[in-house]
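Residue strings, one per chain:
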Amino acid sequence: MNEFEKIIVDSTKDGTFLDVLYEEYRKHIGDDDELIRTLVELHNQEKINIISEFGLLRNEASSSNFFIIRNIFRSLLPLLNVPVEEVKSCVKQLTIEAGNDMASHDLILPFIEFCSADIERVESLLEQELKITDDDFDYISTALISGYKINKRTYFNKAVQLLNHRNPIIVQRVIFALSRFNYNEEPELAATVVKEIITCTESIEDEQILSTAINTLITLLADYEDLEPDIIEFFERNIGNNDPDFIFRIAQQLNYRHANLSENIQRLLLSFFKDINIDWKGVINQIDLYIYKKISELDAINIAELFEYILSNNSNSLDVGVLTNSLRRLREKEYEEVLSSIFTRWLLKREMIYCVSAVKLVKTSTTDQIKIGFDTGQVKVEDLMYLVNKAIGWFSLQPSTSLSLILSVIPLSTESQIQLIGNKTFEFIALNYPSQTKAFLQEYLDSSDKNIVNFSESLIQQLDSFLEEFNKLYKIKELRPSTRQRNEYANYQQKLFNEAMAKPIENSLMDMFFPNKKITLYGNKFIHKHKDSNGEIVRQVMPFSKMSHSIDFPSLANLTPHTQEYFLRLLKVEELANETNP
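Quantities reported herein were computed from a predicted structural model and do not represent experimental measurements. In every chain, residue numbers begin from 1 and rise along the written sequence. Given that the model is predicted, a residue must reach a pLDDT of at least 70 before its local features are reported, and side-chain atom pairs must reach 80 or more before they are shown or counted; all residues, however, enter totals for whole chains, interfaces and linings. Excluding hydrogens and water, the side-chain values take into account all heavy atoms of the structure.

Participant: Any details on the overall build of the chain? Residues and values, ideally.
Facilitator: Each helix is a run of H or I in the DSSP string that is no shorter than four residues. Each strand is a run of E no shorter than two, and both are numbered from the N terminus. Secondary structure summary: the chain contains 29 helices and three strands in total. Burial status across the chain gives 45% buried among its 582 residues. By definition in these notes, contact holds between two residues if any of their heavy atoms fall within 4.5 Å. Within the chain, contacts between residues at least 6 apart in sequence are counted, and of these 68% link residues at least 24 apart. Relative accessibility thresholds used throughout: buried, under 20% of the residue-type maximum; exposed, over 50%; partly exposed, between the two (1.4 Å probe, protein chains only).

So, in structure tokens, the structure goes:
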């Protein structure tokens, strides 16, 4: 026994095996073959008991070594010479200890490799589980998959026979195992599996079995398209099944395997998504991811029809806004034309569900506004003013979006229509957002379309003229807010700012470490005071990010005592302007 082997053996006697193993593993990262070989030899020579040592491994919050040490066991497992009864309990424990981690079940494959090295292990494991089934851990599928690797026909027949077992847990696990068999050499076995599963589920109402059957059938269909007629029979028989787990499995498989499924099957699976409960977050997320992927595969019309199918069948429970991943992809620059096409199509349907959905497609926030035009190929003359009204009314708080939509239809409009559009744009957009409107329109002064240039110039001139007259009359002392009003408004804004600053800090690390803190806003800086570990007050001054001080007062803003005061003064100025310019 060399020195390294002695260190390992001694560690099992003094209870430090796992700690020593971790340190040795760190020394051999990237080249741990010698470490694995030594551990296997010591175990097979009965100098140490690997199973009992790893049985002491726990996933404790105070230690980050659990998965590293567990991964060593993963490498050791197929090479060990030990009764399957001992191994299975250790595998179960280490899997449960891993909790919900994505790597929790990565011991299953080496366990299958361990079992398939000896037919006696497979037979023993299967026999034990058929006598006393472990409800919490699936050894049935492990035994069948391992046996199939050794003797295909024998264990295939055993699996098919077990589909009629009286224990539903065993049936469920057998159906799962059948999806993991490799049928490439004998594809006719896959057809047999499909027929047997369809037959055995005819009289079964257990939703867990049906859900597992979905996974197996779609997995097989993705590899063997000739199975489609039989699998269609299964799904048509189950249309109307609204069990949430059943629906989730369909959505999950549609998302994972749609690339290998025919359009006919995809349409059939989509037919299950009717009146989806808004609380079925998992189902909605899988549908969302499916649509997200399809956007890159379909044209604008087919994408629109896919959305429309989901919306029309879930009008009372679902709206397009919950499909966040799909919306994010549609808003990417690459799909600008697709977004414009769907947006225009839905508005022109003139149905509430689609008009609302159209707005949600492009309505993000007042700070991140999408510039988008109507798909003019779908627009008729009689649609122009309808679309302009929608652009102004539904995007009144997103001036860039509203103006980009309006400008897109200017080339299609007559002179009288342009005049009417200009008046509405000035009254409802330009006056509410003068600086944003002017900056936006200036970008189009060099447009190749003469009507757009003239429209932009006219609106800018009209806005400049109004502001010039407004500023001239605003110099009248009686029309300006008093000192008291300005102070009240400043205090009001300070209060809003304090509330806004408090929200992101609440329950944050800063709130945890500095519970007794004060924040004061001053000009372009905020002063932060907190007590350090010695109880002394620490004062920190941090500047705000640079920002514009210009303010646009939207006339559709929430009415407060301060905005009301502003509006009254604005009306006085406009009234004087009208009197001085009859």
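Having seen it, we continue.
Participant: Describe the nonpolar core, listing the residues and the values that go with them.
Facilitator: In this text, buried Ala, Val, Leu, Ile, Met, Phe, Trp, Tyr and Cys residues form a nonpolar core when linked through side-chain atoms within 4.5 Å. Of all hydrophobic cores here, the largest spans 159 residues; its most connected members are Phe54, Phe73, Tyr183 and Phe273. By residue number, the principal contributor to this core is helix H13 (residues 207–223), which donates eight residues. Dropping the residues within four chain positions of it, Phe73 is found in contact with Ile50, Ile51, Phe54, Leu80, Cys90, Val91, Leu94 and Leu107.

Participant: Which residues make up the packing of aromatic side chains, and what values go with them?
Facilitator: Working definition: a ring pair exists when centres of Phe, Tyr or Trp rings (six-membered ring for Trp) sit within 6.5 Å. Plane angles under 30 degrees give stacked, over 60 give edge-to-face, the rest tilted. According to the stated counting rule, one finds 19 aromatic pairs in the structure shown. Ring geometry for Phe156 versus Tyr183: centroids 6.3 Å apart, planes at 85°, classification edge-to-face. Of this pair, Phe156 sits in helix H10 (residues 152–162) while Tyr183 sits in the loop between helix H11 (168–178) and helix H12 (188–200), and the two are 27 residues apart along the sequence. Classification of Phe156 by relative accessible area gives buried; the value is 3%. Ring centres of Phe307 and Trp346 lie 5.9 Å apart, and the angle between their planes is 85°; on these two criteria the pair is classed as edge-to-face. Remark: Trp346 occurs in helix H20 (residues 336–349) and Phe307 occurs in helix H18 (residues 300–312); sequence separation between them is 39 residues. Note on accessibility: Phe307 and Trp346 belong to one class, buried. Ring-pair connections join several aromatic residues into one group, and the members of that group are Phe111, Phe114, Phe137 and Tyr139. Two conditions define a charge located above a ring, namely a distance within 6 Å from the ring centre to NZ of Lys or CZ of Arg, and an angle within 35 degrees of the ring normal. Here Arg121 stacks its cationic end above the ring of Phe114, 3.9 Å away from the centre of that ring. In this structure, Lys349 is placed above the aromatic ring of Tyr354, and the distance from its NZ or CZ to the ring centre is 5.1 Å.

Participant: Break down the side chain of Gln253 for me, citing the residues and quoting the values.
Facilitator: Following the sequence through the fold, Gln253 ends up in helix H15 (residues 244–257). For Gln253, a relative accessible area of 5% translates into the label buried. Polar contacts, as counted here, are pairs of nitrogen or oxygen atoms within 3.5 Å of one another; within protein the pair requires one atom able to donate a hydrogen and one able to accept it, and residues that are adjacent in sequence qualify only if both atoms are side-chain atoms. Within polar-contact distance, the side chain of Gln253 engages the side chain of Asn215 at 3.1 Å. In this structure Gln253 touches Ile214, Asn215, Ile218, Thr219 and His258, once residues within four positions along its chain are discounted.

Participant: How would you explain helix H8 (residues 119–131) if you had to name every residue and give the values?
Facilitator: To estimate how far a helix should reach, multiply one less than its number of residues by 1.5 Å. The first and last C-alpha atoms of H8 sit 18 Å apart over 13 residues, in line with the 18 Å expected at 1.5 Å per residue. Of the residues making up H8, those classed as buried are Arg121, Val122, Leu125, Leu126 and Glu129. Mapping the buried residues of H8 onto a view down its axis gives an arc of 120°, with all of them on the same face. Summarising the geometry of H8, the exposed residues directed more than 90 degrees from the buried face are Glu120 and Lys131. Along its buried surface, H8 packs onto helix H6 (84–97), helix H7 (108–116), helix H9 (140–150) and H10. Put simply, Asp118 is the residue that caps the front of H8, since its side-chain oxygen is 3.0 Å from the backbone nitrogen of Glu120. Starting at the helix axis, one direction is taken to each C-beta atom, and the arc is that of these directions.

Participant: An account of the packing of H10 against H11 is needed here, citing residue identities and associated values.
Facilitator: With their axes 9 Å apart at the nearest point, H10 and H11 run at an angle of 140° to one another. As for how H10 packs across H11, the hand of that crossing is left-handed. On H11, the residues touching Phe156, Ala159 and Leu162 of H10 are Val171, Val174 and Leu178. Only the stretch in contact is used when a helix axis is fitted, and all axes are lines through C-alpha atoms; the angle between N-to-C directions ranges over 0 to 180 degrees. Each crossing is labelled by how the near helix is turned from the far one, with a counterclockwise turn of less than a right angle marking it left-handed and a clockwise turn marking it right-handed.

Participant: Explain the packing of H10 against H12 to me, and be specific about the residues and the numbers.
Facilitator: Their axes nearest at 11 Å, the elements H10 and H12 cross at an angle of 10°. As summarised for this structure, H10 and H12 are arranged roughly parallel, according to the angle between their axes. Crossing hand, H10 versus H12: right-handed. For the pair H10 and H12, contact is made by Arg153, Phe156 and Val160 and by Glu188, Leu189, Thr192, Val193 and Glu196, respectively. Its residues assigned to classes, the contact of H10 with H12 shows four nonpolar, one polar and three charged. Roughly parallel here means an angle under 35 degrees, roughly antiparallel means over 145, roughly perpendicular means 65 to 115, and every remaining angle is called oblique. Residues were grouped as follows: Ala, Val, Leu, Ile, Met, Phe, Trp, Tyr, Cys and Pro as nonpolar; Asp, Glu, Lys and Arg as charged; and all remaining residues, including Gly, as polar.

Participant: Describe in detail H7, supporting the description with residues and values.
Facilitator: Along H7, the residues that are buried comprise Ile108, Pro110, Phe111, Ile112, Phe114 and Cys115. Close packing links the buried residues of H7 with helix H5 (66–76), H6, H8 and H9.

Participant: An account of the pattern of salt bridges is needed here, citing residue identities and associated values.
Facilitator: Between Lys or Arg on one side and Asp or Glu on the other, a salt bridge is scored when a side-chain nitrogen of the former is within 4 Å of a carboxyl oxygen of the latter. In total, this model carries 21 salt bridges according to the counting rule given. In this structure, Glu127 and Lys131 form a salt bridge, with 3.3 Å as the shortest nitrogen-oxygen distance. Residue Glu127 and its partner Lys131 are both found in helix H8; the two are separated by four residues, about one turn of the helix. Accessibility expressed as a relative area gives 46% for Glu127, which makes it partly exposed. Linking Glu297 and Lys294 is a salt bridge whose minimum nitrogen-to-oxygen distance equals 3.6 Å.

Participant: So, the environment of Leu327: which residues are in play, and what are the values?
Facilitator: Take Leu327: it is sitting in helix H19 (residues 324–330). Not counting residues up to four positions away in its chain, the partners in contact with Leu327 are Val320, Gly321, Lys360 and Leu361.

Participant: Lay out unusual backbone geometry with the relevant residues and their values.
Facilitator: A positive phi angle, close to 50°, is found at Asp275, a residue other than glycine. If you trace the backbone, Asp275 turns up in the loop between helix H16 (263–270) and helix H17 (281–295). You will see that Arg350, though not glycine, has its phi angle at about 60°, which is positive.

Participant: Can you lay out the environment of Ser124 for me, pointing to particular residues and giving the numbers?
Facilitator: With respect to the helices, strands and loops of the structure, Ser124 is situated in helix H8. The spatial distance from the C-alpha of Ser124 to the C-alpha of Val84 is 7.6 Å, given a sequence separation of 40 residues. Ignoring anything within four residues of it in the chain, the contact list for Ser124 reads Val84 and Glu85. For Ser124, the side chain forms a polar contact with the side chain of Glu85, separated by 2.9 Å.

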